[in-house]
Amino acid sequence: MNNLPLLPISSIGSLPKPPELFQAEMAPLEQQDQAWMRRAQEAAVADWIGIQESLGVDVLVDGEQYRRSMTTYFLEGWGCADIDPDPVWVLDNMYGQRAVIKRPATKPRSLLLDWHQFAAARAKSDLKVTVTGPYTLRDWVFDLHYSDRRAAVLGMAEYVREEVQALVAAGVRYLQIDEPAFVTRYDQPAELDVAIEAMQRICAGLPAHVTIFTHMCYGAFHEVYPKMLELPAHVFCLELAHVSPELLDILRRHPFPADRGMGYGVVDAQDPRVESVAEIEARIRLALEYFAPEQLWINPDCGLQAVPRDAAVAKLQNIVAATHRVRQSLA
Amino acid sequence: MSCPYVSAAVLLPGIASMLVTTAGRFPIVRNGQHPLRTAVEEWRERETPTPESAWRDETLRTVQAETQLELLAAQDEAGADILDAGFVPIYDEWFQAARAVAGLEVAAPLRYLDTNTYYHHWVLDRIPSRQAENPVVSAYRHATAHTERPIKPALFGPYTIWAYADRQGDGATPAAFAALVDIWAADVAALAAAGVRYIHIEESVVLRPKHRPDFPLVARVIEQIANAAPEATVIVHLACGAIGDLLQPFLNIPGLGGLGLDFTDAYRAPNLAALAGWNGDKILQAGIADARSIRVESEAELHETLTAITSAVPDANCWATPSTALLYLPRHAAFEKLAMLAQAAHGFNRNGAL
């Protein structure tokens, strides 16, 4: 884990956006003032880098301040999809716009490179770059282009691979491929296999110094464990603040392999209530019953974009405090 | 127990066509600022947003009721014969149903099946008891007062709530499950008192590998619910899964009026194979239009699936439906699908299989 401390702290990806940016990005792309958007996005990325460093987070994220969503950002950016005009219900009274894949990519697959360079120029600490995985890029959108799901997933994998190649060539060492949809079709082995094959294609030949993370959330992890270990990730970042007894049970029966890492989610990313340091510490100590300290990363359950900014900052602050307490006791 | 079945000829005098119905809720919001979204935003500004404050808010309830009528009209226009009640919750249906249970709290949202949508799961830490009516019941009354079409209200079943719940202490006991079923049975009895003829119960989760051994719990749910509404046809819908060896046990549940199955790409072959064992006079709610895909199936594609289905299940016992709730699609796509489904199903029976 390079020069990182025991129990390195990171985030999952998204962080709350300034309200004016959030409002502005709701408009159709062609109606957005791109120069204003870029300035607002850069300011928001710089702000979050400063906040994470001041809190003592070990591996920073850029907060995905320039992404309208984790799927539409890539599919629109690559030119292979249009956004359906009718928003789709997601949760409570929240709606999201969905992309519809309609053609092969028409634009370069290096969207993240520029943002990574912007963030890296402002960060003293290491950065982790997050990219949505090919299975989720297909599963969470609609497709009118590919002949079947497998073809679509593998098509997306090629585009993600090109993004990843550009990032690694630019020196990225921590790379997270988000696959939250991996946990949804556990009754269809062929679906899991294509998700695994897709990530294998992306990661094939990457240098050994690159640490690959993957992230999954809000699903029945116990249904895809230990199958998930076939994904070529070094670290699995899971939403575990409310870890299920079923997962703990299967971890007792099939211990997590010693050569893989666990990014243990310790705060709820949907609930604005800020967990106390003691609560988080208890969750980390529970994690230590199942994973060696050297295997563990500490992170929120998911991107914190859904909670207010103050709550997100406080959650990260308490994660840092709780992790420091546990580190001291381990020392 | 008899399973009342109303033929197409009774519902649509003069048209002996295959019936078209729905499989749960619909998307509400269109492009632009729908009145419901405006009302929600205004409510969030004047109140602390909770299910309880949403329920008390007269302005919000008025817009919900108007939106419900809009959804009924849209189904009618698309050509559905038996309509969903058009329930318009402000939160998800599990969250809304929670207010019917005393002292119940909900926890973080969980992804439902393979949808990229999230429902708040319940924290069952005690024996649940009923404190109010499920809002779907009042939605049903509102719907029937505004249309002469038959209405089939859709309820997530108590097993689904149980399966996803965080169960602790007394809330994890068989007595807690029994109490949960009692609550649902009381709501179904209220629907029956209001004249309901068809009830859609969503229990798809039982087809997941982990949950299949819980079939006896679902059977108990159906039997008790059917007893609470002996004049109604109770249909259990099982989307996103293959029925396999559970077909016969389901068909044998006393009081079950019909079964909904998913005939979209991933499950078509196994569910068609299972239909070889179909018997009796129950309704097959055939989920032939993929409610998880924006692509509208052609009439020929739908006819092909119907031809395969009706080689095992008599036409008269077969209702054409989306594979699951159309809620998960953009609104325009949902109603385009429903319209094509209606066209295909009505044409199928008039013309015979292509």
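Read on for an overview of the structure. All values derive from a computational prediction rather than experimental measurement.

The rules we used
- Residues numbered from 1 in each chain as written.
- Chains lettered and ligands numbered in written order.
- Predicted model: local features only at pLDDT ≥ 70, side-chain atom pairs only at ≥ 80, totals over all residues.
- Heavy atoms only, no water.
- Helix = DSSP H or I, 4+ residues; strand = E, 2+ residues; numbered from the N terminus.
- Rg over C-alpha atoms; globule rule 2.2 N^0.38 Å.
- Buried < 20%, exposed > 50% of the residue type's maximum accessible area, 1.4 Å probe, protein only.
- Contact = heavy atoms within 4.5 Å.
- Areas by Shrake-Rupley, 256 points an atom, 1.4 Å probe, with all protein chains shown as cover.
- Lys, Arg positive; Asp, Glu negative; His and termini not counted.
- Charge placed at Lys NZ, Arg CZ, Asp CG, Glu CD.
- Axes fitted to C-alpha atoms, helices over the stretch in contact; angles between N-to-C directions.
- Parallel < 35°, antiparallel > 145°, perpendicular 65-115°, else oblique.
- Left-handed = near helix turned anticlockwise from the far one by under 90°.
- Arc of directions from axis to C-beta.
- Pairing = 2+ DSSP bridges.
- Core = buried A, V, L, I, M, F, W, Y, C linked by side-chain atoms within 4.5 Å.
- Buried area = accessible area lost by both parts, 1.4 Å probe.
- Salt bridge = Lys/Arg side-chain N within 4 Å of Asp/Glu carboxyl O.
- Polar contact = N/O pair within 3.5 Å; in protein donor to acceptor, adjacent residues only side chain to side chain.
- Nonpolar A, V, L, I, M, F, W, Y, C, P; charged D, E, K, R; others polar.
- Right-handed = clockwise from strand over helix to strand, strands pointing away.
- Phe/Tyr/Trp six-rings, centres within 6.5 Å; stacked < 30°, edge-to-face > 60°.
- Lys NZ or Arg CZ within 6 Å of the ring centre and 35° of its normal.
- Expected span 1.5 Å × (residues − 1).

1. A look at the overall build of chain B
Logical step 1: A tally of helices and strands in chain B yields 13 helices and 10 strands.
Logical step 2: For chain B, whose C-alpha radius of gyration is 19 Å, the value lies close to the compact-globule estimate of 20 Å for 354 residues.
Logical step 3: The C-alpha extent of chain B, read off along each of the three principal axes, is 55 × 45 × 35 Å.
Logical step 4: Among the 354 residues that make up chain B, the fraction classed as buried is 61%.
Logical step 5: Within chain B, contacts between residues at least 6 apart in sequence are counted, and of these 77% link residues at least 24 apart.
Logical step 6: Put simply, chain B shows about 12,200 Å² of open surface, and 51% of that area lies on carbon and sulfur atoms.
Logical step 7: One way to put it: in chain B the 27 positive side-chain charges average out to a point 2 Å from where the 40 negative ones average out.

2. Things to note about the environment of L21(A)
Residues and elements named next belong to chain A.
Logical step 1: Residue position: L21 is located in helix 1 (residues 19-24).
Logical step 2: Its relative accessible area of 0% is what places L21 among the buried residues.
Logical step 3: Put simply, L21 and A44 are 23 residues apart on the chain and 8.8 Å apart in space, counted from C-alpha to C-alpha.
Logical step 4: Sequence-distant contacts of L21, that is, excluding residues within four places in its chain, are made with W36, M37, A40, Q41, A44 and Q65.

3. Examining the side chain of K315(A)
Residue and element names in this part refer to chain A.
Logical step 1: By secondary structure assignment, the location of K315 is in helix 11 (residues 309-330).
Logical step 2: Here K315 falls in the buried class, since its relative accessible area comes to 0%.
Logical step 3: Excluding residues that lie within four positions of it along the chain, K315 makes contacts with V267, D268, D271, P272, R273, V274, E275, I280, L304 and V307.

4. Some remarks on the packing of helix 6 (residues 149-169) of chain A against helix 7 (residues 189-203) of chain A
Residues and elements named next belong to chain A.
Logical step 1: The contact between helix 6 and helix 7 brings their axes to 8 Å, and the two run at 25 degrees. Considering the angle they form, helix 6 stands roughly parallel to helix 7. Crossing hand, helix 6 versus helix 7: right-handed. Residue-level inspection shows R149, R150, V153, L154, A157, V160, R161 and V164 of helix 6 in contact with helix 7, the latter providing E191, V194, E197, A198, R201 and I202.

5. Structural notes on helix 11 (residues 265-274) of chain B
Residue and element names in this part refer to chain B.
Logical step 1: For helix 11, the set of buried residues is Y267, N271 and A274. Buried residues of helix 11 fall within an arc of 45 degrees about the axis and therefore sit on the same side. For helix 11, the exposed residues set more than 90 degrees away from the buried face come down to D265, A269 and A273.
Logical step 2: Among the structural elements, helix 10 (247-251) and strand 8 (256-262) are those in contact with the buried residues of helix 11.

6. Thoughts on the sheet that holds strand 5 (residues 99-101) of chain A
All names here are of chain A.
Logical step 1: Spatially, 3 strands are ordered 2-5-7 in an open sheet, and the strand pairing comes out mixed. What marks the edges here is a single partner per strand, and that holds for strand 2 (81-83) and strand 7 (142-143).
Logical step 2: Sheet analysis places strand 2 next to strand 5, joined by 3 bridges and oriented antiparallel. Of the residues in strand 5, the one forming a bridge with D82 is V100.

7. Focus on the nonpolar core
Logical step 1: W122(B), I243(B), F250(B) and L259(B) are the most contacted members of the largest nonpolar core, which totals 123 residues.
Logical step 2: Counting residues in hydrophobic clusters, the runner-up holds 109 residues, among them I9(A), V277(A), I280(A) and I319(A).

8. So, the interface of chain B and chain A
Logical step 1: The partner chain A presents 31 residues to the 40 residues of chain B that form the contact.
Logical step 2: Taken as a group, R111(B), N116(B) and I294(B) account for 19% of the area that chain B buries against chain A, more than any other trio of residues on that side.
Logical step 3: Run the count over chain B and chain A and you get 3 salt bridges.
Logical step 4: The salt bridge involving R208(B) is made with D187(A); its shortest N-O contact spans 3.9 Å.
Logical step 5: At the junction of chain B and chain A, the tally comes to 11 residue pairs in polar contact (both at pLDDT 80 or more).
Logical step 6: Those elements giving two or more residues to the side of chain B that touches chain A turn out to be helix 2 (35-46), strand 2 (105-111), strand 3 (118-124), helix 11 and helix 13 (331-351) of chain B.
Logical step 7: Here the side of chain B that touches chain A is composed, by residue class, of 22 nonpolar, 7 polar and 11 charged.

9. Thoughts on the sheet that holds strand 4 (residues 154-156) of chain B
Logical step 1: Strands sit in the order 1-10-9-8-7-6-4 (chain B) across an open sheet of 7 strands; the sheet is parallel. Each edge of the open sheet is held by one strand with a lone partner, namely strand 1 (19-20) and strand 4 of chain B.

10. Remarks on the pairing of strand 8 of chain B
Residue and element names in this part refer to chain B.
Logical step 1: Extensive coverage of strand 8 is indicated by the burial of 7 of its 7 residues.
Logical step 2: With 5 bridges joining them, strand 7 (residues 233-238) and strand 8 adopt parallel strand pairing. Looking at the pairing, V236 lines up with L259 of strand 8.
Logical step 3: Of the strand pairs in this sheet, strand 8 and strand 9 (residues 283-289) are connected by 5 bridges, and their pairing is parallel. Within strand 9, the position partnered with L259 by the bridge is L284.
Logical step 4: Note that the unit made of strand 8, helix 11 and strand 9 has a crossover that is right-handed.

11. Some words on the packing of aromatic side chains
Logical step 1: This model, assessed by the stated rule, comprises 30 aromatic pairs over all chains.
Logical step 2: Centre to centre, the rings of F26(B) and F335(B) are 5.0 Å apart; their planes meet at 10 degrees, and the pair counts as stacked. With F26(B) in the loop between strand 1 and helix 2 and F335(B) in helix 13, the pair connects residues that are 309 residues apart, well separated along the chain.
Logical step 3: Following the ring pairs from residue to residue traces out a cluster consisting of Y66(A), Y73(A), F74(A), W78(A), W115(A), F118(A) and Y159(A).
Logical step 4: The lysine or arginine in question, R309(A), covers the ring of W48(A), its NZ or CZ lying 5.5 Å from the ring centre.

12. Comments concerning helix 9 (residues 215-228) of chain B
Logical step 1: Between its first and last C-alpha, helix 9 of chain B extends 20 Å over 14 residues, near the 20 Å set by a 1.5 Å rise per residue.
Logical step 2: The inward-facing, buried residues of helix 9 of chain B contact helix 7 (158-164), helix 8 (174-193), strand 6 (198-202), strand 7, helix 10 and strand 8 of chain B.

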